[in-house]
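# Overview (structure and organization)
Here is what each chain is made of, one letter per residue.
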Amino acid sequence: MDTAFVPDDYFKRHSVLDIFGSDSPYNSYEIDLGCGDGGFLLQMAAHYPERAFLGIERLLGRIRRVCNESSQQGLNNVRGLRIESRYFLEYFIAPGSISRLHYLFPDPWPKEKHHKNRLVQEDFIPVLHRALSEKGELLFKTDHEDYYIWCCERLDASPLFQRVDWDEPFYPKTDFQLHWESMGKPIYQAKYIKIEA
Ligand SMILES: C[S@@+](CC[C@H](N)C(=O)[O-])C[C@H]1O[C@@H](n2cnc3c(N)ncnc32)[C@H](O)[C@@H]1O
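Owing to the predicted nature of the structure, the values given are computational and were not obtained by experimental measurement. (Residues numbered from 1 in each chain as written. Predicted model: local features only at pLDDT ≥ 70, side-chain atom pairs only at ≥ 80, totals over all residues. Heavy atoms only, no water.)

## Here we look at the packing of helix 4 (residues 85-92) against helix 5 (residues 124-131)
Closest axis-to-axis distance for the helix 4/helix 5 pair is 9 Å, and the angle between their directions is 60°. On the basis of the axis angle, helix 4 is oblique to helix 5. Here helix 4 runs over helix 5; the crossing is left-handed. Residue-level contacts link R86, L89 and E90 of helix 4 to F124, V127, R130 and A131 of helix 5. (Axes fitted to C-alpha atoms, helices over the stretch in contact; angles between N-to-C directions. Helix = DSSP H or I, 4+ residues; strand = E, 2+ residues; numbered from the N terminus. Parallel < 35°, antiparallel > 145°, perpendicular 65-115°, else oblique. Left-handed = near helix turned anticlockwise from the far one by under 90°. Contact = heavy atoms within 4.5 Å.)

Written out as structure tokens, the structure is:
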């Protein structure tokens, strides 16, 4: 099957059933935001067939690889969508849709004059809160200590999220994690749960 999700209308809000089908049997709807070539997403989908995984990616070549690979592996619980991350969360997906959001090795925009391009900003936190379902989770990993501190400071200061232990029995390393570890860099990770406002 073709696992690419190509919307008819980019301006309407989409439910997870629009994306995975109205008879969708899944018990968790998980987003890999900036999924790259999909190494993490495909392993998660194979390991957890009862959960649905949507890869979000702005680069066409990368999302094509994710879709081709998931189709070849017969992973019916995968979809790939080419879209910009913030637009997806703020305007595309219906509120309360996402069970778990994986935000793994995002671009850290290290220069101070580029900090405005970082996805996590004060005004992003309510957007994320609205997109997640009740008790929805954000799982975040980076090699960039400054961006890790930046994100944790904003999430810790928000009444909308609470930090919880990283308690993941199966959580494959992404391609970027493997790359940074091979260069001896430390990895930072954090998990937050949505608090009802
Ligand atoms: C550093 S890579 C990490 C890829 C993957 N998560 C991993 O850990 O291997 C960041 C990815 O996010 C994508 N990306 C960056 N900004 C994005 C945005 N605003 N919307 C969608 N994708 C984005 C990039 O194209 C790239 O594939």
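## Concerning the site of the ligand
Of all residues adjacent to the ligand, which total 16 residues, the nearest are G34, E57, R62, L104 and T174. For the ligand, a nitrogen atom lies 2.9 Å from a polar atom in the side chain of E84. Contact distances for the ligand include 2.9 Å between a nitrogen atom and a backbone N or O atom of S85. Considering the ligand on its own, with 590 Å² of exposed area, one finds that the protein chains cover 89% of that surface. Classifying every residue of the shell around the ligand by side-chain character gives six nonpolar, four polar and six charged. (Near = heavy atom within 4 Å. Polar contact = N/O pair within 3.5 Å; in protein donor to acceptor, adjacent residues only side chain to side chain. Areas by Shrake-Rupley, 256 points an atom, 1.4 Å probe, with all protein chains shown as cover. Nonpolar A, V, L, I, M, F, W, Y, C, P; charged D, E, K, R; others polar.)

## Examining the environment of I93
As for its position among the elements, I93 is in the loop between helix 4 and strand 4 (98-104). Given a relative accessible area of 1%, I93 falls into the buried group. Considered as a pair, I93 and M183 are 90 residues apart in the sequence and their alpha carbons are 37 Å apart. Setting aside anything within four residues of it in sequence, one finds I93 in contact with R13, H14, V16, I19, F88, I98 and A131. (Buried < 20%, exposed > 50% of the residue type's maximum accessible area, 1.4 Å probe, protein only.)

## Here we look at the side chain of T3
With respect to the secondary-structure elements, T3 resides in the segment before helix 1 (16-20). When sequence neighbours within four positions are dropped, the list of residues in contact with T3 reads C67, S70, S71, L75, V78, R79 and G80.

## Here we look at the pattern of salt bridges
In total, this model carries 16 salt bridges according to the counting rule given. Here K191 makes a salt bridge to E137, at a shortest N to O gap of 3.9 Å. Taken together, the positions of K191 in strand 7 (residues 188-194) and E137 in strand 5 (residues 132-142) put the pair 54 residues apart, joining distant regions of the chain. Judged by its relative accessible area of 7%, K191 falls in the buried class. A single salt-bridge network, built from bridges that share partners, covers E30, R51, R100, E137, E168 and K191. (Salt bridge = Lys/Arg side-chain N within 4 Å of Asp/Glu carboxyl O.)

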